[in-house]
There are 4 protein chains.
Amino acid sequence: MKEIDEHSHKHARPVEQMDVEPSEAIVSMVDSWDNMGFNAKRLARACKIYEAMIRDSDCVKYFALSGAMVPAGMQKIMYDFIDLGFVDVLVTTGANLTHDLAEALGDHHLQGFISDNTKSDADLHDESMNRIYDVFMPNNIYENMEDWLKSLKLDIKQSVKEMLWALGDELPEDSRSILKICAKKRIPIYCPAITDSGLGMQLSFIHTGTNLNHFEDLQECINLAWDSKSPGVFIVGGGVPKNFIFQAMQFSPNSAKYVVQVTTDVQVSAGGLSSASLSEAISWGKVNAAGETSQVHLDATIALPIILAYLKQKLK
Amino acid sequence: MKEIDEHSHKHARPVEQMDVEPSEAIVSMVDSWDNMGFNAKRLARACKIYEAMIRDSDCVKYFALSGAMVPAGMQKIMYDFIDLGFVDVLVTTGANLTHDLAEALGDHHLQGFISDNTKSDADLHDESMNRIYDVFMPNNIYENMEDWLKSLKLDIKQSVKEMLWALGDELPEDSRSILKICAKKRIPIYCPAITDSGLGMQLSFIHTGTNLNHFEDLQECINLAWDSKSPGVFIVGGGVPKNFIFQAMQFSPNSAKYVVQVTTDVQVSAGGLSSASLSEAISWGKVNAAGETSQVHLDATIALPIILAYLKQKLK
Amino acid sequence: MKEIDEHSHKHARPVEQMDVEPSEAIVSMVDSWDNMGFNAKRLARACKIYEAMIRDSDCVKYFALSGAMVPAGMQKIMYDFIDLGFVDVLVTTGANLTHDLAEALGDHHLQGFISDNTKSDADLHDESMNRIYDVFMPNNIYENMEDWLKSLKLDIKQSVKEMLWALGDELPEDSRSILKICAKKRIPIYCPAITDSGLGMQLSFIHTGTNLNHFEDLQECINLAWDSKSPGVFIVGGGVPKNFIFQAMQFSPNSAKYVVQVTTDVQVSAGGLSSASLSEAISWGKVNAAGETSQVHLDATIALPIILAYLKQKLK
Amino acid sequence: MKEIDEHSHKHARPVEQMDVEPSEAIVSMVDSWDNMGFNAKRLARACKIYEAMIRDSDCVKYFALSGAMVPAGMQKIMYDFIDLGFVDVLVTTGANLTHDLAEALGDHHLQGFISDNTKSDADLHDESMNRIYDVFMPNNIYENMEDWLKSLKLDIKQSVKEMLWALGDELPEDSRSILKICAKKRIPIYCPAITDSGLGMQLSFIHTGTNLNHFEDLQECINLAWDSKSPGVFIVGGGVPKNFIFQAMQFSPNSAKYVVQVTTDVQVSAGGLSSASLSEAISWGKVNAAGETSQVHLDATIALPIILAYLKQKLK
């Protein structure tokens with residue numbers, strides 16, 4: 001509430017992309033949580049299941065990333081997960097890639113304030129500030145992105161994954177962006193709904209005739225699952241990234257053997273997939289009945305740093 | 001809880017697709033709710049805003065449909081919304097279209113039971129029953145769909161919309177399916193994440209080389225927004241359909257003038273788009289600050305029949 | 001959002017207490033919902049379970065009422081439930097009784113607007129407007145209540161129930177208030193946390209030495225359960241009213257045979273009682289494993305009118 | 001899910017009551033979160049606001065504790081908050097005190113499993129295991145409590161607070177229970193709904209004629225607020241403890257100057273008090289418009305250890 005007075009719209013401070021160190025203190029907190037109940041226990045299990053995925057040499061690690069993670073300061077954390085080899089396949093939203101690109105090009109998201117007030121949001125609009133709950137994205141981010149995309153020669157008929165790698169290749173070497181590290185390590189990165197994003201719209205405006213082959217990505221993702229003896233899935237949020245991986249799991253010889261989902265969507269009785277229990281996925285053959293699973297009802301901005309600090313410490 | 005004993009997995013009764021009649025009783029209940037508070041008032045406002053959208057001859061009516069609506073019995077209701085001219089543009093998920101196609105081909109979803117229990121979901125898997133909360137989808141639905149898709153000659157390089165119209169054209173004349181009525185009336189139907197669905201997977205398996213032009217749909221949807229003097233948006237759930245329409249609204253001369261969202265996703269503080277307040281969209285220029293809006297936190301299986309009964313009565 | 005412009009704080013229209021008629025249209029909608037899934041089915045089951053409770057002559061009907069129901073317009077509906085004999089024991093919150101008393105004394109709650117904004121809530125405070133989400137309660141309601149309470153001679157050492165009956169006895173004959181009809185019909189009405197309410201505070205200020213016997217109510221409620229062959233429980237919301245009845249059910253020969261809960265609290269993984277599944281209560285011996293239960297995730301301002309219209313029609 | 005196979009009902013391991021150390025790693029994680037968004041930022045603000053409350057010598061620190069905190073392993077953490085002087089007034093539920101007493105008497109809660117399954121909960125009932133989500137409470141806990149309460153001579157006409165202090169006085173010196181430390185330090189502890197709990201029921205069964213003076217506690221709590229220049233409120237969960245403190249804040253010269261709420265209840269549109277925004281409380285005069293507030297949507301089993309580790313480190 002207070003921050004409404006503290007910040008003027010125009011002088012909001014940037015969101016700082018968080019860095020996470022290995023931590024023995026976090027490990028012992030997680031170990032305590034593992035002997036308790038409720039979401040503390042579920043978070044502890046999430047840490048231990050992810051550790052098991054990494055220690056299992058047969059495990060292909062799928063990572064589903066939805067939600068506005070980069071605007072909230074999770075870019076470097078995602079970079080580390082990928083850079084450290086904790087991610088073999090990434091499925092994400094066009095929104096996260098748009099925000100990732102913005103930060104990679106030197107722009108910033110801002111620490112704003114919440115509001116549920118027409119007037120206040122109309123003021124933000126007049127100031128070209130796009131609000132994501134309590135984070136602002138200045139609209140000129142799009143202009144810089146447009147200039148950069150215009151400057152590139154791109155094959156506009158390749159698969160979405162190849163396009164994303166191509167964009168990553170063009171980013172500065174030292175960038176700690178998701179696109180960059182996926183391109184560098186040639187980690188398959190799928191974005192089934194890229195046309196549902198600022199990045200997708202800009203590609204279609206700037207490079208007339210853009211027609212990325214979405215079905216090539218689909219085939220590829222299913223083939224990867226087909227070859228995975230012991231797949232593991234780590235899900236942030238839900239939506240398309242969760243289902244795109246789960247549908248592929250139906251084609252994996254053993255279906256998912258490890259599954260963690262970190263989500264704040266707890267409404268199960270309306271039948272939505274994002275909130276569906278991991279047990280439900282067993283009926284579909286997406287998750288193995290003998291698998292290790294944990295669904296944690298927790299904001300990922302809190303869960304991911306804890307999980308990363310735990311993994312960095314245990315896998316030193 | 002009780003139903004767990006009542007139904008054996010194998011003999012579950014089919015979900016009946018609900019029919020809705022005009023109702024004066026519903027209209028007067030809605031009129032009472034409009035003078036109260038909380039979600040009762042929001043539901044009343046939703047009814048009246050949709051009525052205003054239909055009465056406004058300049059309004060282009062966008063409808064976003066996510067969630068497992070057809071499995072829960074909403075197919076005929078969606079058919080009526082479209083058939084009665086309450087929908088000018090439909091954006092939906094591959095899942096809803098997969099379920100719609102199954103019912104259109106004579107298959108049925110079943111009234112099942114909930115469970116959060118590995119054993120019980122493993123039993124369902126052994127019986128080839130896919131669970132969607134308390135609804136079951138027998139796995140053989142996919143076999144019938146496969147046979148039907150194999151029997152069709154399809155242009156595998158057109159836009160997603162054109163492919164969906166082509167499928168609708170092949171369905172029986174008397175079918176009360178979403179695909180059929182959209183095809184019949186040539187209502188633009190967009191499905192940005194079709195590769196994230198059973199229908200998308202089957203197309204890619206059966207018709208090798210399928211490469212639908214997703215960017216053509218994007219361009220088209222934006223052009224439609226561009227030409228809409230007075231756009232209105234009705235959203236069921238959230239996810240890709242909500243954002244795909246909202247991103248187009250940024251290119252409409254006035255942005256959205258009417259907006260209703262029916263959703264059970266109430267967690268706003270994690271920054272997700274599905275639950276974001278409609279006020280937040282004003283900052284983005286997606287919604288007009290002078291617009292009429294109502295966000296209703298309600299299961300759509302209850303909201304849609306009430307809204308349709310209201311509209312049928314008022315617009316007789 | 002719009003209403004923020006429409007209403008000035010000072011000239012908000014009163015919330016109208018809703019009247020509900022029997023309705024064949026509602027009955028047929030409920031019958032359709034009973035063959036579907038998700039919360040539509042749960043709401044249908046809730047209607048049919050309540051009907052069964054009323055038709056079962058051995059059933060003692062417990063009603064738990066929490067939430068700000070009277071401010072939102074549910075006062076006459078609650079009056080009807082009690083007047084029609086659908087309630088044998090009522091457990092509620094001090095807040096609902098405070099609001100009930102205000103309306104009974106001729107004051108009104110107002111149709112306000114939502115806000116999540118320090119400034120706007122500070123303005124309301126300056127205007128002596130207390131906000132309950134989108135409903136306002138003018139602060140002078142307390143002054144009228146104080147004058148009335150001062151005018152009464154009250155036994156300040158009796159049980160809470162007896163005090164509430166005494167207050168009801170003093171209200172105008174034609175009042176459609178919860179307190180009035182409970183007093184008239186001598187329906188046991190328990191309010192375990194009355195000191196947590198405006199009514200409780202006023203009693204303690206005005207009638208020095210007030211010391212209501214809470215344990216007498218507890219004993220009485222348990223004895224009633226002890227004598228109930230076939231108890232049924234209908235819960236609006238959760239909190240103290242839900243648990244106060246459930247703890248008594250443990251002392252009933254068969255525990256609860258019928259249970260319906262209408263709540264919007266869906267977060268189960270933090271272990272809260274309000275959201276706990278009805279199945280969980282079986283482990284405690286509060287609910288009978290062979291009982292009929294339905295937990296509906298729905299705003300009570302929508303559920304209660306539908307359930308009452310259904311019951312009035314079926315039990316004509 | 002897996003745990004359903006792992007544990008037999010009978011051989012569940014006890015929940016371990018968590019110990020928390022000061023931690024520089026937690027402090028730096030919290031400092032990073034303070035420059036981000038969403039609930040990470042809110043949690044950081046919660047830590048800093050609580051620190052400010054402790055550093056402000058004029059601040060009277062009210063602590064509202066609801067939810068099943070002791071069963072989930074939060075007993076020692078609550079003990080530390082009180083023992084370290086971070087709590088001046090405690091308001092809690094009878095349930096937490098019942099569980100606190102059980103652990104203080106040497107009994108334990110058990111690490112169980114979730115289930116939404118009549119059969120499985122019926123089995124638990126046969127084994128006298130009461131389920132609280134994924135925690136079990138063996139029913140014999142009540143027997144030991146009964147024996148202990150029978151052995152005590154108690155004044156059954158005093159206030160609830162005095163009764164709770166009397167119980168605390170009887171507990172072993174070395175016990176790390178909430179009741180013990182409140183009694184030892186004579187911290188006012190209020191439990192407005194004690195008759196809504198196992199402890200309340202046992203008192204009424206064992207000590208016939210028990211009639212605790214609830215209104216004395218109410219008066220006392222309001223007088224404490226009256227004398228508080230600079231009150232601060234820390235809320236875990238919501239319900240009666242939240243409102244009992246907030247209603248007293250209306251009588252404090254400045255109303256609450258610091259407020260933190262940690263809750264998983266995010267449904268605001270049904271008007272419930274537990275989930276109500278802290279801004280709403282400004283309209284009531286419960287919270288000061290110039291106050292520092294943070295509402296964190298997070299499971300308290302994760303939030304409390306982090307906040308305590310932060311405070312222990314900063315206030316060394």
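Residues numbered from 1 in each chain as written. Chains lettered and ligands numbered in written order. Predicted model: local features only at pLDDT ≥ 70, side-chain atom pairs only at ≥ 80, totals over all residues. Heavy atoms only, no water.

### Some thoughts on the overall build of chain A
The number of helices and strands found in chain A is 14 helices and nine strands. Considered along the principal axes of its C-alpha atoms, chain A spans approximately 55 × 50 × 40 Å. Put simply, chain A has 316 residues, and 71% of those count as buried. Surface accessibility of chain A: about 9100 Å² in total, with carbon and sulfur atoms responsible for 49%. With 28 positive and 42 negative side-chain charges, chain A shows a spacing of 5 Å between the two charge centroids. (Helix = DSSP H or I, 4+ residues; strand = E, 2+ residues; numbered from the N terminus. Buried < 20%, exposed > 50% of the residue type's maximum accessible area, 1.4 Å probe, protein only. Areas by Shrake-Rupley, 256 points an atom, 1.4 Å probe, with all protein chains shown as cover. Lys, Arg positive; Asp, Glu negative; His and termini not counted. Charge placed at Lys NZ, Arg CZ, Asp CG, Glu CD.)

### Looking at the interface of chain A and chain B
Each partner contributes residues to the interface: chain A has 57 residues there, and chain B has 57 residues. The junction of chain A with chain B conceals about 5200 Å² of combined surface from both sides, 59% of it contributed by carbon and sulfur atoms. Counting across the interface, chain A meets chain B through two salt bridges. Here Glu280(B) and Arg131(A) are joined by a salt bridge, their closest N and O atoms 3.8 Å apart. The interface formed by chain A and chain B holds 19 residue pairs in polar contact (both at pLDDT 80 or more) in total. Counting only elements with at least two residues in the side of chain A that touches chain B, the list comes to helix H6 (118-126), strand S4 (129-132), helix H10 (198-206), helix H11 (214-226), helix H12 (239-249) and helix H13 (280-283) of chain A. When the residues that make up the side of chain A that touches chain B are grouped by side-chain class, the tally is 26 nonpolar, 24 polar and seven charged. (Contact = heavy atoms within 4.5 Å. Buried area = accessible area lost by both parts, 1.4 Å probe. Salt bridge = Lys/Arg side-chain N within 4 Å of Asp/Glu carboxyl O. Polar contact = N/O pair within 3.5 Å; in protein donor to acceptor, adjacent residues only side chain to side chain. Nonpolar A, V, L, I, M, F, W, Y, C, P; charged D, E, K, R; others polar.)

### Details of helix H14 (residues 300-314) of chain A
Along its 15 residues, H14(A) runs 20 Å from first to last C-alpha, staying within 8% of the 21 Å computed at 1.5 Å per residue. Of all the 15 residues making up H14(A), 14 are buried; the element is thus mostly covered by neighbouring parts of the structure. (Expected span 1.5 Å × (residues − 1).)

### Quick notes on the packing of helix H4 (residues 75-83) of chain B against helix H14 (residues 300-314) of chain B
The relative placement of two packed helices is expressed as an angle between their axes plus a distance between the axes. Residue and element names in this part refer to chain B. Interhelical geometry of H4 versus H14 gives an angle of 35° and a closest axis separation of 11 Å. The hand of the H4/H14 crossing is left-handed. Here Ile77, Asp80 and Phe81 of H4 come into contact with H14, specifically with Leu304, Pro305, Ile307, Leu308, Leu311 and Lys312. Taken together, the residues of the contact of H4 with H14 sort by class into seven nonpolar, no polar and two charged. (Axes fitted to C-alpha atoms, helices over the stretch in contact; angles between N-to-C directions. Left-handed = near helix turned anticlockwise from the far one by under 90°.)

### Things to note about the sheet that holds strand S3 (residues 110-111) of chain B
Residues and elements named next belong to chain B. Read across the open sheet, the three strands follow the order S3-S5-S4; overall the sheet is antiparallel. Only two strands of the sheet have a single neighbouring strand rather than two, namely S3 and strand S4 (129-132). As judged from the two bridges shared by S3 and strand S5 (residues 135-138), these two strands associate in the antiparallel manner. Its bridge partner lying in S5, Gln111 is registered against Val135. (Pairing = 2+ DSSP bridges.)

### Concerning the sheet that holds strand S7 (residues 232-236) of chain B
All names here are of chain B. Taken in spatial order, the six strands make up an open sheet running S6-S2-S1-S7-S8-S9, and their pairing is parallel. A strand with exactly one partner marks an edge of an open sheet, and here the two such strands are strand S6 (189-190) and strand S9 (287-297). Pairing of S7 with strand S8 (residues 256-263) involves five bridges; the strand directions are parallel. Across the sheet, residue Phe234 finds its bridge partner in S8, namely Val260. Where H14 meets the sheet, it contacts strand S1 (61-65), S7 and S8, and its direction lies at approximately 140° from that of S7.

### Thoughts on the nonpolar core
Trp33(B), Phe63(B), Phe81(B), Trp33(C), Phe63(C) and Phe81(C) are the most contacted members of the largest nonpolar core, which totals 225 residues. When residues no more than four places from it in sequence are discounted, the contact partners of Phe81(B) are Tyr50(B), Phe63(B), Phe86(B), Val87(B), Leu304(B), Ile307(B), Leu308(B) and Leu311(B). In this structure, Tyr79(A), Ile302(A), Ile235(B) and Val89(C) belong to the second largest nonpolar core, which totals 224 residues. (Core = buried A, V, L, I, M, F, W, Y, C linked by side-chain atoms within 4.5 Å.)

### So, the pairing of strand S7 (residues 232-236) of chain C
Residues and elements named next belong to chain C. By the criterion of burial, S7 is predominantly enclosed, with five of the five residues buried. Every second residue of S7 is oriented toward a common face, with Gly232, Phe234 and Val236 on one face and Val233 and Ile235 on the other, all of them buried. As judged from the five bridges shared by strand S1 (residues 61-65) and S7, these two strands associate in the parallel manner. Bridge pairing in S7 places Ala64 opposite Ile235. What joins S7 to strand S8 (residues 256-263) is helix H12 (residues 239-249), and the crossover it makes is right-handed. (Right-handed = clockwise from strand over helix to strand, strands pointing away.)

### Some remarks on H12(C)
Where burial is concerned, most of H12(C) is hidden: ten out of the eleven residues are buried. Among the residues making up H12(C), those that are buried are Val240(C), Pro241(C), Lys242(C), Asn243(C), Phe244(C), Ile245(C), Phe246(C), Gln247(C), Ala248(C) and Met249(C).

### Section: the relation of the copies chain A and chain B
Rotating chain A by 180° and moving it 0.0 Å along the rotation axis overlays it on chain B with an RMSD of 0.0 Å. When the rotation and shift are considered jointly, the pair of chain copies conforms to a two-fold rotation axis. By C-alpha distance to the rotation axis, the residue of chain A lying nearest is Ala193(A), at 2.5 Å. Both copies present the same face, since 100% of the interface residues in chain A are matched by interface residues at the equivalent positions in chain B. (Least-squares fit on C-alpha atoms with pLDDT ≥ 70 in both.)

### As for unusual backbone geometry
For residues that are not glycine, phi is negative in most cases, and the peptide bond is trans in most cases. Positioned with a positive phi, Tyr133(A) is a non-glycine residue whose angle comes to about 55°. The topology assignment puts Tyr133(A) in the loop between S4 and strand S5 (135-138). Overall, the relative accessible area of 9% leaves Tyr133(A) in the buried class. A positive phi angle is found at Arg186(C), which is not glycine, with a value near 50°. Along the chain, Arg186(C) falls in the loop between helix H9 (178-184) and strand S6 (189-190). Look at Arg186(C) and you get partly exposed, because its relative accessible area is 40%.

### Remarks on the packing of aromatic side chains
Counted according to the given criterion, the structure contains 40 aromatic pairs over all chains. Plain terms: the ring middles of Phe63(D) and Phe234(D) are 5.0 Å apart, the flat faces sit at 35° to each other, and that makes the pair tilted. Note that Phe63(D) is positioned in strand S1 (residues 61-65) and Phe234(D) in strand S7 (residues 232-236), a separation of 171 residues in sequence. Judged by relative accessible area, which is 0%, Phe63(D) ranks as buried. Taken together, the ring pairs connect Tyr50(A), Phe63(A), Phe81(A), Phe86(A) and Phe234(A) into an aromatic cluster. The ring of Trp284(C) carries Lys286(C) above its face, with NZ or CZ at 4.3 Å from the centroid. (Phe/Tyr/Trp six-rings, centres within 6.5 Å; stacked < 30°, edge-to-face > 60°. Lys NZ or Arg CZ within 6 Å of the ring centre and 35° of its normal.)

### Considering the pairing of S5(B)
Residues and elements named next belong to chain B. Alternating residues of S5 divide into Val135 and Met137 and Phe136 and Pro138, and every residue in both groups is buried. Note: S4 against S5, four bridges, orientation antiparallel. The residue bridging Asn130 from the neighbouring strand is Met137, located in S5. Hairpin geometry of S4 and S5 is characterised by an intervening segment of two residues between the two adjacent antiparallel strands and by a positive phi of about 55° at Tyr133.

### Observations concerning the state of the cysteines
All names here are of chain C. Under the counting rule described, the total for this entry stands at zero disulfides over all chains. With no disulfide of its own, Cys47 lies closest to Cys59 among cysteine sulfurs, the gap being 16 Å. Judged by relative accessible area, which is 0%, Cys47 ranks as buried. Looking at the unpaired Cys182, the closest cysteine sulfur is the one in Cys191, lying at 11 Å. A relative accessible area of 0% means that Cys182 is categorised as buried. (Disulfide = S-S within 2.5 Å.)

### What about the environment of Val15(B)?
One can find Val15(B) in the loop between helix H1 (3-6) and helix H2 (24-33). Of the residues examined, Val15(B) reaches a relative accessible area of 3% and is grouped as buried. Distance from Val15(B) to Ser294(B), taken between C-alpha atoms, is 30 Å for residues 279 residues apart in sequence. In this structure, Val15(B) is in contact with Pro71(B), Ala72(B), Gly73(B), His109(B), Leu110(B), Gln111(B), Val135(B), Asn35(C) and Met36(C), ignoring residues within four places of it in sequence.

### Some words on the environment of Val259(C)
All names here are of chain C. As for its placement among the helices and strands, Val259 is situated in strand S8. Here Val259 falls in the buried class, since its relative accessible area comes to 0%. Distance in space between the C-alpha atoms of Val259 and Val15 is 30 Å, their sequence separation being 244 residues. Not counting residues within four places of it along the chain, the set of residues in contact with Val259 comprises Ile49, Val233, Ile235, Phe246, Leu278, Val287, Glu292, Thr293 and Ser294.

### Considering the pattern of salt bridges
Residues and elements named next belong to chain A. Following the criterion strictly, the structure yields 72 salt bridges over all chains and no others. Linking Asp19 and Lys76 is a salt bridge whose minimum nitrogen-to-oxygen distance equals 3.5 Å. Of this pair, Asp19 sits in the loop between helix H1 (3-6) and helix H2 (24-33) while Lys76 is found in helix H4 (residues 75-83), placing the two residues 57 residues apart along the sequence. Looking at Lys76, the relative accessible area reads 23%, which means it is partly exposed. When salt bridges with common partners are traced through the structure, they connect Asp19, Lys76, Asp80, Arg176 and Lys312 into a single cluster.

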